[in-house]
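# Tertiary structure, described
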Amino acid sequence: MKKIILIIAIILLGFGVKQAYLSQSKIDTNLYGLENKNIDLFDLNDPRIRIVYFGFTRCPDVCPTSLAMLSGAFNHIDKETLAQFRPVFITLDPERDSPEHVAEYAHYFHNTIEGSSGSVDAITILAKRYNVIFHKTELADSALEYTIDHSSYFYFLKPDGTLITKVAHTITPDPIVEAMHSLSQ
């Protein structure tokens with residue numbers, strides 16, 4: 001009798017794991033950018049190293065500073081070296097940041113930075129993959145209603161998404177320039 005109960009429990013557990021996997025695989029993990037076009041962050045046909053920054057467009061100071069430092073780094077890099085990199089800004093606030101808005105925001109800092117948004121699930125999956133710490137903080141008596149507290153790093157990724165290195169938030173472009181020079185061919 002105990003064996004039968006154990007077999008039934010194993011079957012039910014297996015069924016539950018399968019259902020969880022199937023429901024997880026239905027999550028839209030796509031990112032979208034300018035004109036709501038799909039952004040394939042892990043396009044293996046694009047050999048450029050990704051420089052990914054997670055933030056949000058209503059960020060009062062950290063994100064604009066970081067994107068300004070990234071832009072500043074690009075101004076210190078020759079065109080051939082810059083062509084080896086694909087900068088992508090991913091919003092952590094997809095509820096308020098549409099793909100079009102994020103793309104315009106990113107281009108404000110440098111025309112090569114792709115701005116992207118997606119579903120809350122897609123953003124969460126990507127952020128967890130790179131150990132990005134973020135959470136929504138309610139703002140009482142504010143027109144913004146909430147902010148997103150988050151870690152601030154530039155993630156240098158291989159085309160398949162493998163992390164090469166990361167550079168912490170900086171107030172000068174120098175660490176980003178150094179990383180780009182060390183990774184360029």
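Scope of this entry: the structure provided in the associated data block.

Criteria and thresholds
Residues numbered from 1 in each chain as written. Predicted model: local features only at pLDDT ≥ 70, side-chain atom pairs only at ≥ 80, totals over all residues. Heavy atoms only, no water. Salt bridge = Lys/Arg side-chain N within 4 Å of Asp/Glu carboxyl O. Helix = DSSP H or I, 4+ residues; strand = E, 2+ residues; numbered from the N terminus. Buried < 20%, exposed > 50% of the residue type's maximum accessible area, 1.4 Å probe, protein only. Pairing = 2+ DSSP bridges. Contact = heavy atoms within 4.5 Å. Axes fitted to C-alpha atoms, helices over the stretch in contact; angles between N-to-C directions. Polar contact = N/O pair within 3.5 Å; in protein donor to acceptor, adjacent residues only side chain to side chain.

### Structural notes on the pattern of salt bridges
Counted according to the given criterion, the structure contains 7 salt bridges. Measuring nitrogen to oxygen at the nearest pair gives 2.5 Å for the salt bridge that ties Arg 86 to Glu 114. With Arg 86 in strand 4 (residues 85-91) and Glu 114 in strand 5 (residues 114-118), this pair connects stretches of sequence that are 28 residues apart. On the accessibility criterion, Glu 114 (22% relative accessible area) is partly exposed. Within the structure, one salt-bridge network assembled from shared partners comprises Asp 46, Arg 48, Arg 86 and Glu 114.

### Considerations on the sheet that holds strand 1 (residues 31-32)
Strand order in the open sheet made by the 7 strands is 2-1-5-4-3-8-9, with mixed pairing throughout. Only two strands of the sheet have a single partner each, and these edge strands are strand 2 (38-39) and strand 9 (163-168). In the packing of helix 4 (residues 99-109) onto the sheet, contacts are made with strand 1, strand 4 and strand 5, and the angle to strand 5 comes to roughly 155°.

### A word on the side chain of Arg 96
Here Arg 96 lies in the loop between strand 4 and helix 4. Within the structure, Arg 96 has its side chain in polar contact with the side chain of Asp 93 (distance 2.6 Å). Here the side chain of Arg 96 touches Tyr 146 through a polar contact of 3.1 Å, landing on its backbone oxygen. Setting aside residues no more than four positions away along its own chain, Arg 96 makes contact with Phe 56, Arg 58, Leu 144, Tyr 146 and Thr 147.

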